[in-house]
Amino acid sequence: MKKNLTKIWLLLPLLMMGNLFAACSGSDGGESNPPTEHKMTATIKTAAPYTELGFEDDVAHMFSISSDYSLLGTLLVYDQSGKLKYTAEKTFRDLSNITIEAPNMAEGNYTAIYYQADIHQGEASWTLENKQDISTVQVSCNKANTVSPYSSLSVATGTFHVDEEGGAQLTLTPKTTGSIVSMQVVRSEAIKDNILSIDLQEYAYGIRLNPALSDADRYIYDSEDVRLNFLFGTEDRYDAFVLTESSVTYSSQLAAYHDNGNNWWDWDADLTSWLDITLKRGKTYIYYFDSTKSSDNFFFGLSSDFPTWKNSH
């Protein structure tokens, strides 16, 4: 009996060491525990697209005088297979940098897509569509008429890796997806009450967000005639945002209409012939027409070139 008790006491330390070893192995991520997950923190340089267009001060001023406008930033995160793993939105009213976090990121490689636009009186100007797969995700404009520069769309993409060591940091700088066209008209007595419009034969209304696509394949066009921008009544200027590739040529003309009282416009006259206008993304242009002159009354070009032209005409 004494011999058996002696054997038991000798075995106890070995049994305790075995239990301790088993406990340590389990806490290190055995099959019973899921892999450790981490977060990705994206820092967004929100002012970048407006600085690119030369419109930063105007946006900042709009925030200071009107509570109707806010900016909306949307972050989409896709895994290696192109499937959406996380999405987040952030609303803000200044142009300082913001951060958006994507939590619970498992180990792997990811693509982040960020787009930025506005909310006006509670409604977004752009709609996200087909977001579940990176091959189909796109953003389309909600507005049937012209888009103001405050509603301009910008996009940024980046890749990041999450490993067992921890999460990831990403800095995204949005780039504009279009240009600004400032329509300016000197009205004669004959058109003082007309609705004036720049008509285009083709117009991009949406953009695919997949960064693997070429520039030409990303933009989505409507083949029907559309109005780039227009002036009501006695207005003489309107600035519009135009969704455009890096460089694209449109056929356009300036036309006059009147409101027939039935929520429809009746055509009155073509003020210019059809003209080719070339827009380069990230630029600001002036489309100018002086209806009080019979000739040499039209300018279309970069806003920086307009003062020189105007002083000589």
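The numbers attached to residues start from 1 for each chain and follow its sequence in the written order. Two thresholds apply to this predicted model, a pLDDT of at least 70 for residue-level local features and 80 or more for giving and counting side-chain atom pairs, whereas whole-chain, interface and lining totals are computed over all residues. With hydrogens and water excluded, all non-hydrogen atoms of the structure serve as input to the side-chain values.

(A) The arrangement of the overall build of the protein in detail. Think of it this way: any DSSP run of H or I at least four residues long counts as a helix, any run of E at least two long counts as a strand, and we number them from the N terminus. Of regular secondary structure, the protein possesses 5 helices and 22 strands. Each residue is placed in one exposure class: buried if its accessible area under a 1.4 Å probe, protein chains only, is under 20% of its type's maximum, exposed if it is over 50%, and partly exposed if it falls in between. Out of the 313 residues belonging to the protein, those deemed buried represent 45%. For every accessible area listed, the method is Shrake-Rupley and the probe measures 1.4 Å; residues are considered covered only by the protein chains on display. Accessible area of the protein: about 16800 Å², with a carbon and sulfur share of 50%.

(B) Summary view of a negative patch on the surface. Only residues whose relative accessible area exceeds 30% and that take part in no salt bridge are eligible for patches, with like-charged residues grouped when within 9 Å of each other and nonpolar side chains (Val, Leu, Ile, Met, Phe, Trp, Tyr) grouped when within 5 Å. Salt bridge, as used here: a side-chain nitrogen of Lys or Arg that lies within 4 Å of a carboxyl oxygen of Asp or Glu. When charges are counted, Lys and Arg are positive and Asp and Glu negative, with His and the chain ends excluded. In plain terms, the charge of a residue is placed at NZ if it is Lys, CZ if Arg, CG if Asp and CD if Glu. A surface patch of negative charge is lined by E107, D163, E164 and E165. Looking at the element boundaries, D163 is found in the loop between β9 (154-162) and β10 (168-172). Overall, the relative accessible area of 30% leaves D163 in the partly exposed class.

(C) Representation of the pattern of salt bridges in the model. The final tally for this structure, using the stated rule, is 6 salt bridges. Among the salt bridges present, the one from K39 reaches E101, with a minimum N-O distance of 3.0 Å. Of this pair, K39 sits in strand β1 (residues 38-44) while E101 is found in strand β4 (residues 98-105), placing the two residues 62 residues apart along the sequence. Assessed through its relative accessible area of 41%, K39 is described here as partly exposed. Where E189 meets K192, a salt bridge forms, and the shortest distance between an N and an O atom there is 2.9 Å.

(D) Structural context of the environment of G122. Examined against the element boundaries, G122 turns out to sit in the loop between β5 (108-120) and β6 (123-124). G122 sits 54 residues away from D68 along the chain, and the two C-alpha atoms are 7.6 Å apart.

(E) Seen up close, unusual backbone geometry. With a phi close to 50°, Q121 is a non-glycine residue in the positive phi region. Inspection of the secondary structure assignment puts Q121 in the loop between β5 and β6. A positive phi angle is found at D296, which is not glycine, with a value near 50°. Along the chain, the position of D296 falls in the loop between β21 (284-290) and β22 (298-302).

(F) Examining the side chain of S197 more closely. With respect to the element layout, S197 can be found in strand β13 (residues 195-200). Judged by its relative accessible area of 0%, S197 is buried. Side chain to side chain, S197 and D199 meet in a polar contact 2.7 Å long. The contact rule is simple, with two residues in contact once any of their heavy atoms fall within 4.5 Å. Apart from the residues lying within four places of it in its own chain, the contact partners of S197 are M183, R227, N229, F230, Q253, L254, A255 and Y257. Two N or O atoms form a polar contact when they lie within 3.5 Å of each other; inside protein one atom must be a possible hydrogen donor and the other a possible acceptor, and for residues adjacent in sequence the pair counts only when both atoms belong to side chains.

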